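As a plain string of letters, each chain reads:
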Amino acid sequence: MQTIFVMVKCELGQAYAVADEAVDIERVSEVHSISGQYDLMLKCFLDADQDIGAFVVETIQKLPGVKDTFTLIAFKAFG
């Protein structure tokens, strides 16, 4: 299992609509509204052999209202 965080910049006024769509994606576990350069942060769990780039490009970036994404790959969870 691989954990990634995808920060999403939305078109103006579209953050809540994008969040509503993102929570229904099977591999997305959490969707947070955040402050700063990006509007949303998605926590995603992918299978070990799943292509991260393909998931982000074909699933997240194609959501209506998504303007840009920034992906972080988590190495280890503590706690």
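Just so it is clear, the model here is predicted, and its values are computed rather than measured.

Q: Give me the environment of aspartate 47: which residues, what numbers.
A: Relative to the helices and strands, aspartate 47 is located in the loop between strand 3 (40–46) and helix 2 (52–60). For aspartate 47, a relative accessible area of 32% gives the class partly exposed. Here the alpha-carbon distance between aspartate 47 and isoleucine 73, two residues 26 residues apart in the chain, equals 13 Å. Side-chain polar atoms of aspartate 47 contact the side chain of arginine 27, separated by 2.9 Å.

Q: Tell me about the pairing of strand 2 (residues 28–33), and name the residues and values.
A: Bridge count for strand 2 against strand 3 is five bridges, and the pairing is antiparallel. The partner of valine 28 across the bridge, within strand 3, is cysteine 44. In textbook terms, the turn of a hairpin is the stretch between consecutive antiparallel strands, and for strand 2 and strand 3 this stretch comprises six residues, one of which, glycine 36, has a positive phi near 110°.

Q: Residues and numbers for the environment of valine 28, please.
A: In this structure, valine 28 sits in strand 2. Look at valine 28 and you get buried, because its relative accessible area is 8%. In the structure, valine 28 is positioned 38 residues away from valine 66 in sequence and 15 Å away in space, judged by C-alpha atoms. Filtering out sequence-adjacent residues up to four positions away, valine 28 remains in contact with Ala22, Leu42, Lys43, Cys44, Phe55 and Ile60.

Q: Tell me about the sheet that holds strand 4 (residues 66–74), and please be specific about residues and values.
A: Taken in spatial order, the four strands make up an open sheet running 2-3-1-4, and their pairing is antiparallel. Either end of the sheet is taken by a strand with one partner, and the two such strands are strand 2 and strand 4. Averaged over all pairs of adjacent strands, the angle between their axes in this sheet comes to 20°, without regard to strand direction. Pairing of strand 1 (residues 2–10) with strand 3 involves seven bridges; the strand directions are antiparallel. Bridged to valine 6 within strand 3 is leucine 42. Contacting strand 1, strand 2, strand 3 and strand 4, helix 1 (residues 15–22) crosses the sheet at an angle of about 15° to strand 3.

Q: Would you mind going over the nonpolar core in detail, with residue names and values included?
A: Counting residues in each nonpolar core, the largest one holds 20 residues, and the members touching the most others are Ile4, Val6, Val8, Leu42, Phe55 and Ile60. Counting only elements with at least two residues in this core, the list comes to strand 1, helix 1, strand 3 and helix 2. Other than its neighbours up to four places away in sequence, isoleucine 4 contacts Leu42, Lys43, Cys44, Leu46, Ile52, Phe55, Val56, Thr71, Leu72 and Ile73.

Q: Explain the environment of tyrosine 38 to me, using residue names and the numbers behind them.
A: For tyrosine 38, the position within the fold is in the loop between strand 2 and strand 3. A relative accessible area of 10% places tyrosine 38 in the buried class. Between the C-alpha atom of tyrosine 38 and that of valine 8, which follows or precedes it by 30 residues, the distance is 5.6 Å. In this structure tyrosine 38 touches Met7, Val8, Lys9, Asp68, Thr69 and Phe70, once residues within four positions along its chain are discounted.

Calculation notes
- Residues numbered from 1 in each chain as written.
- Predicted model: local features only at pLDDT ≥ 70, side-chain atom pairs only at ≥ 80, totals over all residues.
- Heavy atoms only, no water.
- Helix = DSSP H or I, 4+ residues; strand = E, 2+ residues; numbered from the N terminus.
- Buried < 20%, exposed > 50% of the residue type's maximum accessible area, 1.4 Å probe, protein only.
- Polar contact = N/O pair within 3.5 Å; in protein donor to acceptor, adjacent residues only side chain to side chain.
- Pairing = 2+ DSSP bridges.
- Contact = heavy atoms within 4.5 Å.
- Axes fitted to C-alpha atoms, helices over the stretch in contact; angles between N-to-C directions.
- Core = buried A, V, L, I, M, F, W, Y, C linked by side-chain atoms within 4.5 Å.

Nothing here speaks to function; it is geometry throughout.
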